[in-house]
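Here is what each chain is made of, one letter per residue.
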Amino acid sequence: MADKLKVSIVGASGYSGGELLRLLLAHPRVEVCEVTSERFAGKFASKAHPNLRKRTQLRFCRMDELKPCDLLFLCLPHGRAMEHIDAFRALAPRLIDLSADFRLNDPGEYQRWYGKPHARPDLMTEFVYGVPELHREEIRGASLVTGAGCNATATILALYPFFKKGLADPERTVVEVKVGSSEGGNAASDASHHPERSGVVRSFMPTMHRHCAEIYQELGFGQTIRVYFSATSIEMVRGVLATCHLFLREPLEEKDVWKIYREVYGKEPFLRIVKEADGIYRYPEPKLLSGTNYCDVGFQKEKGSDRLVVMSALDNLMKGASGQAVQAFNLMNGFEEALGLEFPGLHP
Ligand SMILES: NC(=O)c1ccc[n+]([C@@H]2O[C@H](COP(=O)([O-])OP(=O)(O)OC[C@H]3O[C@@H](n4cnc5c(N)ncnc54)[C@H](OP(=O)(O)O)[C@@H]3O)[C@@H](O)[C@H]2O)c1
């Protein structure tokens, strides 16, 4: 058996950190050395993640107790990774940051969407945007990789082939995402209080969602584009469903759309085109993707108009966060891309 890489997780008591721990404990080429939490320091990891009982005897340590390792995963709230980035880089030669701190490469765009200057603009272009379907070769050679937003991942993967080929009207694409409660992390808030959250269909970001910045960055291909993006919380713990209305610049038929998706995504291990003529699961369904690293993409072309509706679904904690981070980790280390990500999901 080849040597195992020593990795640690910062912010491991949270939802994305817990999901990463679940994946990495089962990864054949990884030894998880340390997991941090300020709140749970000294306590067993299974205290925060009861699904991991009998899977690990690791205890949380504080961030300032971390020892050097081969690669550090950062699962901290927004702003914390950039605050401590020099200390993290001193601990590990390679980092994967799941937060939004290093997703953008333009300080002006960061200021526009996050409302304040970036603390480390010198490092913004150093991180590779960790969506393998778009940046596989760059990820392979990278030592600094950033995860992507979960809603951004769903939207970008739905639209990417059409923006890349210049087939989408750059001025008008409309996206509505429906999201589960775990997107908000495990810190309690008024909005997450069960009587206030359960059963709602709540428009929480009709405009100006920060993930738009990533969508513009990744789909612009050198030109200004407009994506009208809205987000709604629904009754779901995990999952994102993006419904994207794009307007075609050329008269394409459904068979042409099939061909384009097959050409771009045919060899992708975690992209599935889901479009069936009948049955109850004709289009992507987040429920089926819980715990998996798949992003399912389906579509319908409207007859007699230029509108193409693309639906994409994923698990926000997997392909939208920790699963995609492990996929990038595998690429960075020359491992088989799907290693540790084989779970096919549950039905029903
Ligand atoms: N949830 C998602 O669906 C999702 C998807 C993609 C990306 N992300 C990104 O991933 C990051 C983590 O998200 P999450 O949902 O896992 O959040 P979370 O559940 O709230 O977890 C946050 C983690 O950070 C730690 N932490 C909080 N404040 C800290 C501080 N000041 N110093 C050190 N540690 C601190 C917490 O540990 P303590 O026990 O010490 O409080 C906890 O382990 C965020 O930046 C988020 O944007 C999340």
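Note that residues are indexed from 1 along each chain, following the sequence as it is written. Predicted model: local features are reported for residues with pLDDT of at least 70 only, side-chain atom pairs are reported and counted for 80 or more only, and whole-chain, interface and lining totals are derived from all residues.

## As for the packing of helix α1 (residues 15–25) against helix α11 (residues 318–332)
Stated formally: Here the axes come from fitting lines to C-alpha atoms, over the contacting stretch only for helices, and the angles between their N-to-C directions go from 0 to 180 degrees. Here a strand is any run of E in DSSP of at least two residues, a helix any run of H or I of at least four, and the numbering for each starts at the N terminus. Just so you know how the angles are binned, under 35 degrees is roughly parallel, over 145 roughly antiparallel, 65 to 115 roughly perpendicular, and the rest oblique. In this scheme the handedness of a crossing depends on how the near helix is turned from the far one: anticlockwise by less than a right angle means left-handed, clockwise means right-handed. Contacts here follow a simple rule: the backbone-placed C-beta atoms of the two residues must lie within 7 Å. Under the scheme applied, nonpolar residues are Ala, Val, Leu, Ile, Met, Phe, Trp, Tyr, Cys and Pro; charged residues are Asp, Glu, Lys and Arg; polar residues are all the others, including Gly.
Two numbers describe how α1 lies on α11: the axes approach to 9 Å, and their chain directions differ by 40°. Our classification of the angle between α1 and α11 gives oblique. Relative to α11, α1 is oriented so that their crossing is right-handed. Facing Ser16, Glu19, Leu20 and Leu23 of α1, the residues of α11 in contact are Met318, Ala321, Ser322, Gly323, Ala325 and Val326. When its residues are assigned to classes, the contact of α1 with α11 shows six nonpolar, three polar and one charged.

## Some thoughts on the pairing of strand β5 (residues 94–97)
As a reminder of what qualifies: DSSP-based pairing: two strands are paired if at least 2 bridges between them are found.
Two strands pair when backbone bridges link them, and strand β4 (residues 71–74) and β5 are joined in this way by four bridges, in the parallel orientation. Counterpart to Leu74 in the pairing with β5 is Asp97. Bridging between β5 and strand β7 (residues 144–146) involves three bridges; their strand directions are parallel. Bridge pairing in β7 places Asp97 opposite Thr146.

## As for unusual backbone geometry
Residues apart from glycine generally show negative phi values, whereas peptide bonds are mostly found in trans. We apply this condition: We call a residue exposed when 12 or fewer other C-beta atoms sit within 10 Å of its C-beta, buried when the count reaches 20 or more, and partly exposed for counts in between; the C-beta positions come from the backbone.
Going from His347 to Pro348, the amide bond is cis rather than trans, its omega being 0°. Turning to its location among the elements, Pro348 is positioned in the segment after α11. Of note in this structure, Lys54 is not a glycine but carries a positive phi near 65°. Within the secondary structure, Lys54 sits in the loop between α2 (45–48) and β3 (60–61). The class for Lys54 is exposed, based on 6 C-beta atoms found within 10 Å. Unusually for a residue other than glycine, Met208 sits at a positive phi of about 60°. Inspection of the secondary structure assignment puts Met208 in the loop between β9 (202–205) and α9 (211–219).

## Quick notes on the nonpolar core
We apply this condition: The term nonpolar core refers to a set of buried Ala, Val, Leu, Ile, Met, Phe, Trp, Tyr and Cys residues connected through C-beta atoms within 7 Å. A domain assignment, automatic or from a database, supplies the domain bounds used here.
If you look at the biggest cluster of nonpolar residues, it comprises 94 residues, and the most contacted ones within it are Phe73, Leu74 and Leu159. By residue number, the principal contributor to this core is helix α7 (residues 150–164), which donates 10 residues. Among the domains, domain 1 (5–148 + 319–332) and domain 2 (150–316) are the pair contributing at least three residues each to this core. Beyond its immediate sequence surroundings of up to four residues, Leu159 is in contact with Ala168, Thr173, Leu219, Cys244, Leu246 and Val310.

## As for the domain arrangement of the chain
When the domains of the chain are assigned, the result is domain 1 (5–148 + 319–332) and domain 2 (150–316). On a C-alpha basis, the centroid separation for the pair domain 1 and domain 2 is 24 Å. Facing the 20 residues of domain 1 at the interface are 26 residues of domain 2. Of all the elements in the fold, those that place two or more residues in the side of domain 1 that touches domain 2 are α5 (107–114), α6 (132–140) and α11. Here the side of domain 1 that touches domain 2 takes six residues from α11, the largest share from any one element.

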